[in-house]
Amino acid sequence: MSDDQMVTIQVDGRELKAKAGTLLIEVTDAAGINIPRFCYHKKLSIAANCRMCLVEVAKVPKPLPACATPVNEGMQVYTRSPLALAAQKGTMEFLLINHPLDCPICDQGGECELQDIALGYGNDASRFVEGKRVVPDRDIGPLIATDFTRCIHCTRCVRFGAEIAGIRELGATGRGEHMEIGTYIEKSVDSELSGNIIDICPVGSLTSKPFLYSARAWELVQRKSIAPHDSVGSSLNLHVRRNQVMRVHPRDNEAVNECWISDRDRFSYEGLYSADRLTRPLVKKSGNWVETDWQEALEAVAQGLKRARGTSGNRLGALLSPGATLEEFYLAQKLMRGLGSENIDFRLRQSDFRAEEPAYPWLGQTIAQLDELNAALLIGSNIRKEQPILGHRLRKAALTGAQISFINPLELELNYHATQLVNSPAGMISDLAAVAKALGGYGGLIDSAEVSDVHHRLAEQLRTAERATVLLGNIAVAHPDYALIQGLARIIAGNSGSLLGYLPEAANSVGGRLAGALPGNDGSNAQEMLSNPHKGYLLMGVEPGFDCWNPARAMETLGQAEFVAALSAFRSQSLEQVADVILPIAAFAETSGTYVNAQGEWQSFSGAVAPAGESRPAWKVLRVLGNLLDLPGFDQVSSEEILAEARQVAGDRKPDNSADGGVAYERLLAGVGLTRIGDVPIYALDPLVRRAASLQKTRDAIEASSRINAREAAMAGLADGDKVVVKQDKNSAKLRVVIDPTVPDGCVRIPAGLVGTDTLGGQIGDVTLEKA
Amino acid sequence: MANEVCFRNMDQDRPWLLEQYRSRGGYEVLTRILREKTPPESIINEVKASGLRGRGGAGFPTGLKWSFIARNAPGQKYVVCNSDEGEPGTFKDRDVLRYNPHQLIEGMVIAGYAIGATRGYNYIRGEFWEPYERFEAALEEARAAGFLGRDLMGSGFDFELHSHLGAGAYICGEETALLESIEGKKGQPRYKPPFPAHFGLYGQPTIINNTESLASIPVIMEKGGQWFKELGVENSGGSKLFSISGNIKNPGVFEIPLGTPFAELLEMAGGMKNGSKIKAVIPGGSSAPIIPGEQMMQLTMDYDAIAKAGSMLGSGAVIVLDDRNCMVKVLERMSYFYYEESCGQCTPCREGTGWLYRVVHRIETGHGRPEDLALLDDMTTKIAGRTICALGDAAAMPVQGMLKHFREEFEYHITHKRCLVS
Ligand SMILES: Cc1cc2nc3c(=O)[nH]c(=O)nc-3n(C[C@H](O)[C@H](O)[C@H](O)COP(=O)(O)O)c2cc1C
Ligand code: SF4
Ligand code: SF4
Ligand code: FES
């Protein structure tokens, strides 16, 4: 019997067609026939342990679990026959005997699968008169609250951990009614996808710690949105009560995030309500910040920009957050161009702009296609933490046999088998040149590359794979020789028949380009604007101490400007140090707009709550500024109108990674001494997530530190916990030493985007360490 | 006509030694099969003809089970022997391991040859130290003599065999939990289908048989399926090991032809202890429903006769109870066992076994309620047939049997808050 053969079955008298071998529950779900279930989950392996989905099948004496029974021709199924109902009700009675049944004080109350199904299949009184089971809770970290007495042992969480998150911490220990879910040893559940077990748990056994006991499900209104951090643009449902985002859930979108979201997308909403949320305009008067009204603040900005501009727009520069909406990008660049400036950029973490970049860089394939890869080479990317959902997709490919390899300056903690070539940032270039050479590349530094077995192996994996890709990540972008990396990646991809893909850093790195928020002819890019002082700057959503490749230089340069206007949703120390006026803008969830994700999909969303305090959506602020500056074309009344305009400008551009590559660049990073690796930790990416309190308590929220391996430490006479003074250019920071075996020789990992490392220089560059 | 198959060498002084096994023609069948390259199908047909039914409890025809393996499909296949012997009242497989390990080894190699498996495992109950060591020693001997390993006797057929000691969980005797346990996972049954013949050890085609089943193979191959079949009766071919225990004079293991009257078996075990009166018999391990003594005295020991009486022959563990036993107490003990041994995976068994035990316990300790018997009746129907593995049925059936035959004792306990018997 071939797998594709269609069969006809009858369910409750209804005729249904399905592929032979499909699970009965999938067939009934598709037909809208409801069969109660707990352990079944469409993305997890079949456990068939809850026995809630038992149905009657003609000619079979015992009821069968619909979740584990494949359909075959002529099968007759009764989902509500006396036998089926008796079985379902029997299971329900057993499930409830040890369940607390105190739904009014359970956080899951009102959205509990057990509660819902009990309504249909339970009795109104219990025949169980013995004492109920009580199970101690465990601390599994800052994101997930446990109430294991409520557990119904469906093992969805365990299967999620093993099969999706790739963590083995969660398990079922003990037997019989002593079976308990837990971490084998007291340990937190650390995964960038961990929050999904909250959704997966059918009862109130695993719930959201930040949300715990703060609202009832029926008080919440559900609003659609798009995730604001990485370039996946996961589909979200925001749960809102009285103008406040109370929690964030995934919205099913098979082509993007399936039914999952990253912890960053789930818990970053807490940042909206951090104490330093900016709710009124601020102006600096004689060195002091004072709150003011919009009119004064807007006037101050218009005047300030006009004065700084003087006779040439070229004296102005705009630095925009890559998390801005397409509409914001569009109006910001229009404003700057209206003022005669071509100095516009959002690529704040890039330092090397020598290479010609593609017009519309993207993933190079659809997100779902990552599942189907046979081979992938990731260059300078911790994809698991940079783009958790893409990391999950890649893991799926790896589990079905894809050969995944990494060329990185850090050894990653991966949850699948991969080849990791870990080398210093300078060494990475040599590795790439060697792989390029193994694939027949030539020219420049490729000719002198030394090719070893592992380079040959990586090359062969890509060359022989049916579907292969080469992806560039955040660490590559921050590399002082990014131009070379791009050139080499292009050769590797081209010569091996792989798709070249970019992993755009932020939610709207792609949209920024389409909206034209890039330097025009003779315009300065981000690095130039942040190295050569301009008279006036417009900052939008940027904290210069955390969001720029070289924060020390950024602060110094901005400090020399005559006038800095900032649009920001938060108060921010580094921003307040350099700015003259700060206009409060709406944050994530508070404004409408559009993000373009890594696969080039334009995703518009509406605001779910009103902007905090007196803050306003940035597009409105920019529009008014345009009016105050007497610029034409600033009379849009809605973000949709701006979008329509931006769409016209973007035209029907298609995602396209082609560019004139080449490797004829000088190597800027010599890497003779100690090289700093300044990756941006997952929860330091942008202003919102940096303020998400619970995420900041997780293991992934690493503190500012100076991490070196034991060999380097021994050579420098340093021990774990020592204090060192890190010197980079003319800047320094005092940091704690952490011995970290994932850092290669000759390198020190000093993460960027953190308090404590914001006084240092470029993310990747020469440093020295001295014992303090 | 006793001791024809698994116990055929019991008269020897050290039958577990290779040399003694060979002195009675041991390993000759295997040698002949390998030399003559007997077609595997004909071995499977011989086993089918013998009428051998699985001796582990379910009584599934062994030859039929073997024929489910796609023997010519590529990939590793396995033969697994179930020596977990956890069913209360059963203590026969340990004697096969102790006294006749080579016959089991020979049986497993033949099974491997028949289904195209080159590797076997014998899963031995965790508490069986002595049998384990005996079996290990026999493996060593067999390896040294060339009955295990590569290219057996120049035939080109490889077979390697290892034993695996369990860790004391009854559930690991269930075939798929056993496979999980060998794989190093928590011993929990898998949902079937797929059956081990398609998706077994490490996902590969596997046959899993009881120790006694596999140890019977060399004799069947030596003397022919027909001979074996004729030892027993219709639908119950061969002879079988019975572990008889309880209030009898000489508890022990006896190999007798299937179809032998129970009265004869009781006689062999010396009859009732101290001349007490027989009250009831559990004929096939603790999971088998109890049968009143008078009825049992009229039955023969074969699959059909016991099934007709509403119970099952199971693993052949015969527990004989005299009239001083309180049935509530007996059931309480058995229910406690299943409560304790449930793996906890599926709802009716995880929750139901604990509830069953608590209700029986309540009755036993004088706290029973009038509605409790109806509750027990109802609960057993909600467990039996609704679980992943047969442990759920095993927990429900003794309760059903007891309430069918000895209901008044339970009622007496509930109304008088004490025992009818003592
Ligand atoms: C809870 C449970 C425990 C079992 N324990 C044993 C055991 O200890 N030994 C055994 O041979 N079979 C045991 N079985 C039966 C096995 O699952 C399986 O049917 C048997 O090993 C097959 O071999 P056979 O066909 O040779 O009998 C058990 C079954 C269940 C449900
Ligand atoms: S904690 Fe929730 S998901 Fe996990 S087994 Fe219990 S009920 Fe199922
Ligand atoms: S019936 Fe009992 S022992 Fe068998 S799988 Fe279910 S819980 Fe485990
Ligand atoms: S949903 Fe089918 S057994 Fe749980």
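Asker: Could you clarify how one ought to interpret the pairing of strand β5 (residues 239-246) of chain B in this entry?
Answerer: Residue and element names in this part refer to chain B. Buried residues dominate β5, accounting for seven of its eight residues. Alignment of β5 against strand β6 (residues 252-257), held across six bridges, turns out to be antiparallel. Within β6, the position partnered with Ser239 by the bridge is Pro257. In this structure, the hairpin formed by β5 and β6 is closed by a connection of five residues. Looking at chain direction, β5 and strand β11 (residues 317-322) are connected through four bridges and run parallel.

Asker: How should I be thinking about the site of ligand 1 in this particular structure?
Answerer: Residues and elements named next belong to chain B. The full set close to ligand 1 counts 19 residues, and Gly56, Asn82, Asn209, Asn210 and Ser213 are the nearest of them. Residue Gly86 places a main-chain N or O atom 3.1 Å away from an oxygen atom belonging to ligand 1. Measuring from an oxygen atom of ligand 1, one finds a side-chain N or O atom of Asn210 at 2.7 Å. By residue number, the principal contributor to the shell around ligand 1 is strand β4 (residues 206-210), which donates three residues. Its residues assigned to classes, the shell around ligand 1 comprises five nonpolar, eight polar and six charged.

Asker: So what exactly am I meant to see when it comes to the interface of chain A and chain B here?
Answerer: How big an interface is tends to be stated in terms of the accessible area lost upon association of its parts. At the junction of the two partners, chain A supplies 37 residues and chain B supplies 33 residues. Both sides of the chain A and chain B interface together cover about 2800 Å² of buried area, and 53% of this is carbon and sulfur. In terms of surface lost to chain B, no three residues of chain A exceed Phe94, Arg175 and Glu177 of chain A, which account for 27% of the buried area on that side. For the interface between chain A and chain B, the tally reads six salt bridges. Between Arg362 of chain B and Glu130 of chain A there is a salt bridge whose closest N-O contact spans 2.8 Å. Linking chain A to chain B there are 19 residue pairs in polar contact (both at pLDDT 80 or more). Mapped by element, the contributors of at least two residues to the side of chain A that touches chain B are β4 (64-65), α2 (82-97) and β7 (170-173) of chain A. Of all the elements, α2 of chain A adds the most residues to the side of chain A that touches chain B, at nine residues. Here the side of chain A that touches chain B is composed, by residue class, of 19 nonpolar, 10 polar and eight charged.

Asker: How should I be thinking about a nonpolar patch on the surface in this particular structure?
Answerer: Residue and element names in this part refer to chain B. Together, Phe60, Leu64 and Phe68 line one region of the surface with nonpolar side chains, adding up to about 250 Å² of accessible area. Checked against the element boundaries, Phe60 lands in the loop between α3 (40-50) and α4 (62-67). Judged by relative accessible area, Phe60 falls into the partly exposed class, the value being 36%.

Asker: Explain the nonpolar core here, please?
Answerer: Taken as a class, soluble globular proteins show a tendency for nonpolar side chains to be buried jointly. All names here are of chain A. Counting residues in hydrophobic clusters, the biggest one holds 74 residues, and the most contacted among them are Phe38, Met92, Leu114, Phe160, Leu378, Ile404 and Phe406. For this core, the secondary structure elements donating two or more residues are α2, α3 (113-121), α4 (156-165), β7, α5 (196-200), β17 (375-379), α10 (388-399) and β18 (403-408). Excluding anything up to four places from it in sequence, Ile404 contacts Ala376, Leu378, Leu394, Ala398, Tyr416, Ala418 and Thr419. Met540, Ile585, Phe588 and Ala589 belong to the second-largest nonpolar core, a separate cluster that totals 70 residues.

Asker: Where do I start with the side chain of Arg690 of chain A in this structure?
Answerer: Residue and element names in this part refer to chain A. As for its position among the elements, Arg690 is in helix α22 (residues 687-690). On the accessibility criterion, Arg690 (14% relative accessible area) is buried. Looking at Arg690, its side chain comes within polar contact range of the main-chain oxygen of Ala684, at 2.9 Å. Those residues in contact with Arg690, other than ones at most four positions away along the chain, are Arg349, Glu543, Phe546, Asp547, Tyr683, Ala684, Leu685, Gln696 and Gly753.

Asker: How should the packing of helix α2 (residues 28-36) of chain B against helix α6 (residues 101-115) of chain B be read in this particular structure?
Answerer: For any two helices packed against each other, one specifies the crossing angle of their axes together with the interaxial distance. Residues and elements named next belong to chain B. At a closest axis distance of 9 Å, the pairing of α2 and α6 adopts a crossing angle of 20°. The angle between α2 and α6 falls in the class roughly parallel. The handedness of the crossing between α2 and α6 is left-handed. Across the interface between the two elements, Glu28, Val29, Leu30, Ile33 and Leu34 from α2 touch Glu106, Val109, Ile110 and Tyr113 from α6. Residue classes in the contact of α2 with α6 are distributed as seven nonpolar, no polar and two charged.

Asker: Looking at this model, I keep getting lost on the pattern of salt bridges. Mind explaining?
Answerer: Counted by the stated rule, this structure contains 86 salt bridges over all chains. Among the ionic pairs, Glu614 of chain A bridges to Arg280 of chain A, the shortest N-O distance being 3.3 Å. Residue Glu614 of chain A is found in the loop between β26 (602-605) and α20 (618-628), and its partner Arg280 of chain A is found in the loop between α6 (263-267) and β13 (282-285); the two are separated by 334 residues along the sequence. Glu36 of chain B is the partner of Arg32 of chain B in a salt bridge, and the nearest nitrogen-oxygen pair spans 4.0 Å. Note that Arg32 of chain B and Glu36 of chain B are positioned in helix α2 at a spacing of four residues, about one turn of the helix. Note on Arg32 of chain B: relative accessible area 30%, which makes it partly exposed. Salt bridges sharing common partners tie together Asp276, Arg349, Glu505, Glu543, Asp547, Arg690 and Arg691 of chain A.

Conventions used here
- Residues numbered from 1 in each chain as written.
- Chains lettered and ligands numbered in written order.
- Predicted model: local features only at pLDDT ≥ 70, side-chain atom pairs only at ≥ 80, totals over all residues.
- Heavy atoms only, no water.
- Buried < 20%, exposed > 50% of the residue type's maximum accessible area, 1.4 Å probe, protein only.
- Helix = DSSP H or I, 4+ residues; strand = E, 2+ residues; numbered from the N terminus.
- Pairing = 2+ DSSP bridges.
- Near = heavy atom within 4 Å.
- Polar contact = N/O pair within 3.5 Å; in protein donor to acceptor, adjacent residues only side chain to side chain.
- Nonpolar A, V, L, I, M, F, W, Y, C, P; charged D, E, K, R; others polar.
- Contact = heavy atoms within 4.5 Å.
- Buried area = accessible area lost by both parts, 1.4 Å probe.
- Salt bridge = Lys/Arg side-chain N within 4 Å of Asp/Glu carboxyl O.
- Patch = residues over 30% accessible without salt bridge, like charges linked within 9 Å, V, L, I, M, F, W, Y side chains within 5 Å.
- Areas by Shrake-Rupley, 256 points an atom, 1.4 Å probe, with all protein chains shown as cover.
- Core = buried A, V, L, I, M, F, W, Y, C linked by side-chain atoms within 4.5 Å.
- Axes fitted to C-alpha atoms, helices over the stretch in contact; angles between N-to-C directions.
- Parallel < 35°, antiparallel > 145°, perpendicular 65-115°, else oblique.
- Left-handed = near helix turned anticlockwise from the far one by under 90°.

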